[in-house]
Amino acid sequence: QTRYQHPLWWIDTVRAAFPDQWGQILEAGNTHPPMCLRVNRQRADPQAQCTRLATEGLAARRIGPVGLLLDTPVPVDRLPGFDEGAVSVQDAGAQQAVDYLDVRPGQRVLDACAAPGGKTAHILETADVVLTALDIDATRCARIEQNLERLGLAADVKTADCRALSSWWDGRAFDRVLADVPCSASGIARRHPDIKWIRRAADIPAFAARQVQILDALWPVLAPGGKLLYVTCSVFPQENDAVIEAFLAGVPNVRRLGLPANAPAQCLPDATHDGFFYALLEKPL
């Protein structure tokens, strides 16, 4: 615990899951997090925005289709283009969600656990879709709407528990569903250092049970041939592969798809991005 500045149960869990990488994962949890921007292509060009940052004395490099990784984090009020909706702050690992979800113009899309709205906005920046964004907390829903307003985007934002279908669903199926589920946040612990000491080992099975509930509830709203992307910001396999395996065992004919470019399901935290898990599921026709 003294060496790695994590609770012993956390160390043991990571070490068991990643016997060759556990040390680096824990060390990453004690570093200063990187700051990455997402360029809104409806309002700016990524390369032009990179040049614009340089003229303001902010060195950055391209990462991914619309990402700009800053050499040094700065307050958002120093970011040229932020107020006008040209850029948003979003981790490079989180930006992968839209590429994996494969949204197309005209589709009906559900972001089931949407706050604070980063992935919601990224979807709308990428394709002209009809999007419903849910969150269980009204204050967090207001934050989604504020972010969308700054970016010049619009979605149907509803305060609702995605598991309670009767409270929000009109019966029309969605072509794409993003389930960025509540989790331990073990993949982003460096952004919230107190999490390491607030969390308890007993919290992980509770998160996993809720995650399975969310998958079970959302599967009926997905159209045949549609895709659901399951996302956590966790490195604990109990919330990741174990949840997906439990879901696949209980629901017939679900197909788990490979991620684009053979990307790994588990994205581990490093100097350029946080830790995320992705699983892409397809409903048969």
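Residues numbered from 1 in each chain as written. Predicted model: local features only at pLDDT ≥ 70, side-chain atom pairs only at ≥ 80, totals over all residues. Heavy atoms only, no water.

1. Comments concerning helix α4 (residues 92-101)
Then comes step 1: For α4, the tally of buried residues reaches eight of 10 residues, placing the bulk of the element in the interior.
Then comes step 2: Those residues of α4 that fall on the buried side of the exposure criterion are A92, G93, A94, Q95, A97, V98, Y100 and L101.
Then comes step 3: Structurally, the start of α4 carries an N-cap: the backbone nitrogen of G93 is 2.8 Å from a side-chain oxygen of D91.
Then comes step 4: Just downstream of α4 lies D102, where phi reads positive at about 60°. (Buried < 20%, exposed > 50% of the residue type's maximum accessible area, 1.4 Å probe, protein only. Helix = DSSP H or I, 4+ residues; strand = E, 2+ residues; numbered from the N terminus. Polar contact = N/O pair within 3.5 Å; in protein donor to acceptor, adjacent residues only side chain to side chain.)

2. So, the pairing of strand β5 (residues 108-111)
Then comes step 1: Neither face of β5 is open: one carries R108 and L110, the other V109 and D111, and all of them are buried.
Then comes step 2: With four bridges connecting them, β5 and strand β6 (residues 130-135) associate as parallel partners. For V109, the partnering residue across the bridge sits in β6 and is L131.
Then comes step 3: Read as a crossover between parallel neighbours, the route from β5 over helix α5 (residues 118-126) to β6 is right-handed. (Pairing = 2+ DSSP bridges. Right-handed = clockwise from strand over helix to strand, strands pointing away.)

3. Here's the deal with the side chain of R38
Then comes step 1: Position of R38 relative to the elements: it lies in strand β1 (residues 36-39).
Then comes step 2: Under the relative-accessibility criterion, R38 is labelled buried at 1%.
Then comes step 3: A distance of 2.9 Å separates polar atoms of two side chains, one belonging to R38 and the other to E125.
Then comes step 4: Ignoring sequence-local partners within four residues, the contact set of R38 consists of V66, A86, V87, S88, Q90, Q95, G118, A121, H122, E125 and L151. (Contact = heavy atoms within 4.5 Å.)

4. Focus on the pattern of salt bridges
Then comes step 1: Across all of its chains, the model carries 17 salt bridges by this definition.
Then comes step 2: The partner of R38 in a salt bridge is E125, and the shortest N-O contact between them spans 2.9 Å. With a gap of 87 residues between them, R38 in strand β1 and E125 in helix α5 connect regions that are remote in the sequence. Across the pair, E125 and R38 agree in class, each one buried.
Then comes step 3: In this structure, the salt-bridge partner of E282 is R255, at a minimum N-O distance of 3.2 Å. Of this pair, E282 sits in strand β12 (residues 276-282) while R255 sits in strand β10 (residues 255-257), placing them 27 residues apart in sequence.
Then comes step 4: Of the residues examined, E282 reaches a relative accessible area of 18% and is grouped as buried.
Then comes step 5: Where salt bridges share partners, they join D91, R190, R191 and D274 into one cluster. (Salt bridge = Lys/Arg side-chain N within 4 Å of Asp/Glu carboxyl O.)

5. Some words on the sheet that holds β1
Within a sheet, each strand pairs with its neighbour through backbone hydrogen bonds, oriented either parallel or antiparallel.
Then comes step 1: If you trace the four strands from one edge of the open sheet to the other, you get β2-β3-β1-β4, paired in antiparallel fashion. On the outer flanks of this sheet lie β2 (60-63) and β4 (87-89), each paired with one strand and no other. Pairs of neighbouring strands in the sheet enclose a mean axial angle of 30°, with direction left out of account.
Then comes step 2: Where β2 meets strand β3 (residues 67-70), four bridges bridge the pair, whose relative direction is antiparallel. (Axes fitted to C-alpha atoms, helices over the stretch in contact; angles between N-to-C directions.)

6. Some details on helix α9 (residues 241-250)
Then comes step 1: Of the positions making up α9, those classed as buried are V243, I244 and F247. Angularly, the buried residues of α9 cover 95° about the axis, an arc narrow enough to put them on a single face. α9 presents E245 and A249 as exposed residues on the side facing more than 90 degrees away from its buried surface.
Then comes step 2: Residues of α9 that are buried in the fold lie against α8 (203-218), β9 (222-232), β10 and β12. (Arc of directions from axis to C-beta.)

Function cannot be inferred from these measures alone, as they are strictly geometric.
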